[in-house]
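Below, each chain spelled out in residue letters.
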Amino acid sequence: MVPFYDTEGFVMGNDRRPKNKAELAFIEAAEMKGWRWSRKGWPDYSCMTPDGQLVCVEVKPSGSHKLKHEQTRIMRLLADRGIPCYRYDPEKGFEKITA
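Summary of the structure given here. Quick caveat: nothing in here was measured; it's all calculated off a predicted structure. Each chain carries its own residue numbering, running from 1 in the direction its sequence is written. Per-residue local features are limited, in this predicted model, to residues with pLDDT of at least 70; the limit for side-chain atom pairs, both in listing and counting, is 80 or more; totals at the level of whole chains, interfaces and linings are taken over all residues. Only heavy atoms go into the side-chain values, all of them from the structure, while hydrogens and water stay out.

On to the environment of V57. Inspection of the secondary structure puts V57 in strand β4 (residues 54-59). Taking the C-alpha atoms as reference, V57 lies 9.3 Å from W42; in sequence the two are 15 residues apart. The criterion used for residue contact is that any of the two residues' heavy atoms lie within 4.5 Å. In contact with V57, other than residues within four places in its own chain, are P43, D44, Y45, C47, M75, Y86, Y88 and F94. Strands are runs of DSSP state E lasting at least 2 residues, helices are runs of H or I lasting at least 4, and numbering of each runs from the N terminus.

Structural data, given as structure tokens:
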């Protein structure tokens with residue numbers, strides 16, 4: 001496993017190994033390439049705008065539900081790389097996540 005530490009010390013590749021044989025084969029192949037992986041904290045939705053911009057959204061049931069620590073880190077990591085990220089709930093709508 002090749003751990004990845006971002007500027008905040010977040011470790012990728014520290015997730016539990018899947019039982020699904022295809023996913024396990026993928027992880028092993030990705031690690032052979034030196035790729036860093038994680039399943040924790042990734043947004044609920046990856047969306048494409050009409051003009052082709054990738055946007056990531058984490059959906060919460062209400063305004064009182066906050067992003068989990070891993071979700072905040074991943075969303076900020078994506079935003080830092082130019083991908084617009086939002087937290088959405090039906091009460092407040094879209095809230096932009098910044099790096």
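Attention now goes to the environment of E58. Looking at where E58 falls in the secondary structure, it is placed in strand β4. Classification of E58 by relative accessible area gives buried; the value is 3%. For E58 and P43, which are 15 residues apart along the polypeptide, the C-alpha to C-alpha distance reads 4.8 Å. Residues contacting E58, with those up to four places away along its chain left out, are W42, P43, D44, L67, Q71, M75, Y86, R87 and Y88. Two N or O atoms count as a polar contact when they lie within 3.5 Å, although within protein this holds only if one can serve as hydrogen donor and the other as acceptor, and sequence-adjacent residues are included solely when both atoms are side-chain atoms. At 3.2 Å, the side chain of E58 forms a polar contact with the backbone nitrogen of D44. A distance of 2.9 Å separates a polar atom in the side chain of E58 from a polar atom in the side chain of Q71. Accessible area is worked out with a 1.4 Å probe on protein chains only. A residue is then buried under 20% of its type maximum, exposed over 50%, and partly exposed in between.

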